[in-house]
Amino acid sequence: MENRLYNFSAGPAVLPETVLQESKAAILNYDNTGIGILEMSHRSASFKKIALEAKDNLKKILSIGDDFEVLFLHGGASLQFHMLPLNIACNQKTAYINTGVWSNKAIKEAARLGSVLIAASSEDLNFSYIPSLKSDQLDNDLAYLHFTSNNTIYGTQFQSEPDSNDILLACDASSDFLSRRINMDRYGIVYAGAQKNLGPAGLGVVVIRKEWLSKSSDDLPPMLSYANHAKSESMFNTPPAFSLYVAGLVFKWILHSGGLVAMEKLNQEKSDVLYSVLDKSDFYTASVEKGSRSSMNVTFRLPAINLEDKFIAEALQAGFSGLKGHRLVGGIRASIYNAFPLQGIKDFVVFMQKFESDNLIS
Ligand SMILES: *Cc1c(COP(=O)(O)O)cnc(C)c1O
């Protein structure tokens, strides 16, 4: 598509071009119904089919069956910080791993409602690594162990699920959901805000073990009750319909591309290209040690802050947008979610190498 930059934005973020083209057509006239997708009743047969297909395709992608329910909710990931302990903790203790800003927000909401054990933390080194966990310290009566699988701000990522001693996991997977395979047998719930890997902002996707739906008390406010949303097939009120539609197209795109096996392989290849340039260079420094590195958000530094500003400005001139690191950590952040093309990384690396030779401090 002409005039589109390579978009390294951390979120809202790049989407597959075929999905954007199809959405564009659907805004005027969805599937020859004569009605645009933004103008269509969520109770119509057409929209019900969209929602059902999205749910089925997501289950197919995750290889899950009827043990799990899929919910499409409002409020992004952040509402889940509260909904999760409200529905699932129910007078039980919870455990959380603290890997940064988003984990902290989740911990605060859980602590508002009950007792929280911090099972591990990387706060001592400004969240620049993934802490390990001593699972023998976890009580067996915990409601769940919560972790943030990918830490968007710092560029850290769990390389595999934390060891939780049979305690079911609860995961904020906002910035790496559907980027790689996960073993759903170990999870009670996975949730994600859509705007990193799935579609437009506002939508929260929740995959929850069905047996967990009966844990909550019956008198929760209905908009905050998983059981209520499950009972009404995510149509208790008007869902974020357009976001759901686009996420449905992204699910189809993932399936057509070869599912999570293909996503994982591509994301590995993409991030390897970038990290190997960082590791070979004396000019660029990866912010995160091997073993904690994210395949979604690659963070790095240059020798001086003024060079980082120059790098970001010249990168934009060369067609690479959204590279400024989060204000809490500074530096450069290249967010390379599922839809970010390999070719964009190859071109970016050429730019990086030229920038390095032009700006070498001799
Ligand atoms: C972006 C992000 C969130 C917040 O998502 P919202 O949809 O804005 O609530 C939460 N957790 C992680 C890991 C994120 O990257």
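Just so it is clear, the model here is predicted, and its values are computed rather than measured. (Residues numbered from 1 in each chain as written. Predicted model: local features only at pLDDT ≥ 70, side-chain atom pairs only at ≥ 80, totals over all residues. Heavy atoms only, no water.)

### With respect to the domain arrangement of the protein chain
- Split by domain assignment, the protein chain resolves into domain 1 (17–257) and domain 2 (259–359).
- Contact residues are listed per partner, giving 28 residues for domain 1 and 25 residues for domain 2.
- Per-residue buried area on domain 1 facing domain 2 is highest for Ile153, Gly155 and Arg181; these three make up 24% of the total on that side.
- Put simply, domain 1 and domain 2 have one salt bridge between them.
- Arg181 is paired through a salt bridge with Glu264; the nearest N and O atoms lie 3.0 Å apart. (Domains from an automatic or database assignment. Contact = heavy atoms within 4.5 Å. Buried area = accessible area lost by both parts, 1.4 Å probe. Salt bridge = Lys/Arg side-chain N within 4 Å of Asp/Glu carboxyl O.)

### Here's the deal with the site of the ligand
- Near the ligand lie 14 residues; those nearest to it are Ser78, Thr152, Asp172, Gln195 and Lys196.
- Take Thr152: an N or O atom from its side chain is 2.4 Å from an oxygen atom of the ligand.
- Between the ligand and the protein, one listed contact pairs an oxygen atom with a side-chain N or O atom of Lys196 at 2.7 Å.
- In the complex, 88% of the free accessible area of the ligand, which totals 390 Å², lies under the protein chains.
- A per-class count over the shell around the ligand returns three nonpolar, nine polar and two charged. (Near = heavy atom within 4 Å. Polar contact = N/O pair within 3.5 Å; in protein donor to acceptor, adjacent residues only side chain to side chain. Areas by Shrake-Rupley, 256 points an atom, 1.4 Å probe, with all protein chains shown as cover. Nonpolar A, V, L, I, M, F, W, Y, C, P; charged D, E, K, R; others polar.)

### A few points about the sheet that holds strand β10 (residues 204–209)
- Strand order in the open sheet made by the seven strands is β2-β10-β9-β8-β5-β3-β4, with mixed pairing throughout. Two strands in the sheet have a free side with no partner beyond their single neighbour: β2 (68–73) and β4 (116–121). Strand-to-strand twist of the sheet, defined as the mean angle between neighbouring strand axes without regard to direction, takes the value 20 degrees.
- Judged from the five bridges that link them, strand β3 (residues 94–98) and β4 form a sheet pairing that is parallel. Its bridge partner being in β4, Ile97 is matched across the sheet by Ala120.
- Running at roughly 130 degrees to β2, helix α2 (residues 45–62) makes contact with β2 and β10 of the sheet. (Pairing = 2+ DSSP bridges. Helix = DSSP H or I, 4+ residues; strand = E, 2+ residues; numbered from the N terminus. Axes fitted to C-alpha atoms, helices over the stretch in contact; angles between N-to-C directions.)

### Things to note about the pattern of salt bridges
- Summed over the entire model, instances satisfying the criterion amount to 15 salt bridges.
- Glu53 is the partner of Lys49 in a salt bridge, and the nearest nitrogen-oxygen pair spans 3.8 Å. On the criterion of helical spacing, the pair formed by Lys49 and Glu53 is a turn pair, its members being four residues apart in helix α2.
- The exposure class assigned to Glu53 is partly exposed, which follows from its relative accessible area of 29%.
- Residue Glu69 is joined to Lys55 by a salt bridge in which the shortest nitrogen-to-oxygen separation is 2.8 Å. Of this pair, Glu69 sits in strand β2 while Lys55 is found in helix α2, placing the two residues 14 residues apart along the sequence.
- Using a relative accessible area of 11% as the deciding quantity, one classes Lys55 as buried.
- Ionic contacts of the salt-bridge type, sharing partners, join the residues Lys49, Glu53 and Lys252 into one network. (Buried < 20%, exposed > 50% of the residue type's maximum accessible area, 1.4 Å probe, protein only.)

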